[in-house]
Amino acid sequence: MPGSTSVPSNPGSRSSSSSSGPVNGLLPLTNFEPLPLFRDVPSSEKQSLFVKKLHLCCCVFDFTDPSKHTREKEIKRQTLLELVDYVTSGSGKFTENVLEDMTKMVSANLFRSLPPSSRENSAVSESFDEDEEPVMDPAWPHLQIVYEFLLRLVVSTETDAKVAKRYIDHFFVLRLLDLFDSEDPREREYLKTILHRIYGKFMVHRPFIRKAINNIFYRFIFETEKHNGIAEMLEILGSIINGFALPLKEEHKLFLVRALVPLHKPKCVAMYHQQLSYCITQFVEKDCKLADTVIRGLLKYWPVTNSQKEVLFLNELEEVLEATQASEFERCMVPLFRQIARCLNSSHFQVAERALFLWNNDHVVSLVAQNRQTILPLIFSALEMNNRNHWNQAVHGLTCNVRKMFSEMDPELFQECQRKFQEDEEKSKGIEEKREITWKRLEAAAATKAVSSEAVLRTSPGVHKNQ
């Protein structure tokens, strides 16, 4: 958070100086006075006034105490609004020196140490709460206008990307990415829009931005499992992936396998699953051969004890299957329907119900029908067990519908599976009976041995006495 009322000695640094002396030509706060309005000076002096206003706005205030420096804060707020209007008005190309001052002002205000997370000490699994109030940054009255200024600067036709890239450089981009961990959703929304615009305008930065986001994902997946901005970054990537040219580069496919698929691993996946699912589906729609890779990746990270997460996975699975061709489906259908069979038998009714809803999708039914000889034997047992024993009435009804669909699709195969199920059931009963007999025999033997041992122990003291 911004510290004391001061001008940072280095606008790009995270912490600000506690000195109130003049820096970058700025007077101490005792002389913090408003500058003339742009309309009150001749056109020849407007750019000079613009630079002075930029320097004035490099002063960062402490917003944790609302009663402190209220006059100076309002002067700065009004000056920031004037700067936004000036950039929007398109008053001519920005020179290199002016661009440098603009990025310095932005850096002084935005690039700061974020406060410790309010959920720092809570368990990761407990950190996602839809009803929890987000933490709002008290400095937002100034931050919002600075973000708006940066957005207008990036999108302005007066900003020459070839010149601006020297100041909106890799370091600047990295500092922006650091801010995605802010708990304030308003800040993350601005960052998402601005980074997307930077990606579009500065083509030279595109590989670096993708790599930097990749590295954030790696750290989140394999180290911390804590980050507030994963959903926003995935939203940017969804748009980027949409624009990938075909055929897909190997770099992009590796990003899918090494970063996007493993993002299913963290416990808090629900926070960003919608955006993640969109990115994954985009890849499959662009290259249908990736369907097998994606489905096997989902199976690798399939939750074992988290039912809500299973429902999310089943939702995503249906979207992926929608874009899956028959040839790719055949490569992964056996492990896939073994997992679906486990979902069908889940005692959590939402998991079983969501798995059964797959048969409401015409494309999925078509894929299943083409491969029913392989699929029905894999899930028949689960369907029968549900039909007999599942406690939930809705699941029972859906199971009957799916059984009826298969029986009408291929009566002979259905009867064969039923016969096989009954044979397996009888074999299981026989094995269970044998096991029961064996246990009874062991218990009887143990009881006999215990009785004989007790008899020996009772006679032993008398033997010693006689001796």
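Above: the structure in question.
Below is a short write-up of the structure.

Each value, and the rule that gives it
Residues numbered from 1 in each chain as written. Predicted model: local features only at pLDDT ≥ 70, side-chain atom pairs only at ≥ 80, totals over all residues. Heavy atoms only, no water. Axes fitted to C-alpha atoms, helices over the stretch in contact; angles between N-to-C directions. Helix = DSSP H or I, 4+ residues; strand = E, 2+ residues; numbered from the N terminus. Parallel < 35°, antiparallel > 145°, perpendicular 65-115°, else oblique. Left-handed = near helix turned anticlockwise from the far one by under 90°. Contact = heavy atoms within 4.5 Å. Nonpolar A, V, L, I, M, F, W, Y, C, P; charged D, E, K, R; others polar. Phe/Tyr/Trp six-rings, centres within 6.5 Å; stacked < 30°, edge-to-face > 60°. Buried < 20%, exposed > 50% of the residue type's maximum accessible area, 1.4 Å probe, protein only. Lys, Arg positive; Asp, Glu negative; His and termini not counted. Salt bridge = Lys/Arg side-chain N within 4 Å of Asp/Glu carboxyl O. Polar contact = N/O pair within 3.5 Å; in protein donor to acceptor, adjacent residues only side chain to side chain. Disulfide = S-S within 2.5 Å.

Another point: the packing of helix α13 (residues 307-322) against helix α14 (residues 326-344). Relative orientation of the contacting elements α13 and α14 amounts to 150°, with a least axis distance of 13 Å. Taken as axis vectors, α13 and α14 run roughly antiparallel relative to one another. For the pair α13 and α14, the sense of crossing is left-handed. In this structure, α13 uses Glu310, Leu314, Leu317 and Leu321 to contact α14, whose residues at the interface are Phe329, Leu336, Gln339, Ile340 and Cys343. Here the contact of α13 with α14 is built from residues that sort into seven nonpolar, one polar and one charged.

Attention now moves to the packing of aromatic side chains. Describing an aromatic ring pair means giving the distance of the ring centres and the angle of the ring planes. Applying the stated rule across the entire model yields 19 aromatic pairs. When the centroid spacing of 5.8 Å and the interplanar angle of 75° are considered together, the rings of Phe220 and Tyr272 count as edge-to-face. With a gap of 52 residues between them, Phe220 in helix α8 (residues 206-224) and Tyr272 in the loop between α10 (250-260) and α11 (273-286) connect regions that are remote in the sequence. Both residues of the pair, Phe220 and Tyr272, count as buried.

Tracing the backbone shows Lys76 in helix α2 (residues 70-89). Although Lys76 is buried, it makes no salt bridge; Asp137 carries the closest opposite charge, 11 Å away. Looking at Lys76, its side chain comes within polar contact range of the main-chain oxygen of Cys59, at 2.6 Å. When residues no more than four places from it in sequence are discounted, the contact partners of Lys76 are Phe32, Cys57, Cys59, Val60, Phe61, Asn109 and His142.

Here a disulfide denotes a covalent bond joining the sulfur atom of one cysteine to the sulfur atom of another. Evaluation of the coordinates by the stated rule reveals zero disulfides. Not part of a disulfide, Cys57 finds its nearest cysteine sulfur in Cys58, a span of 7.7 Å. Classification of Cys57 by relative accessible area gives buried; the value is 0%.

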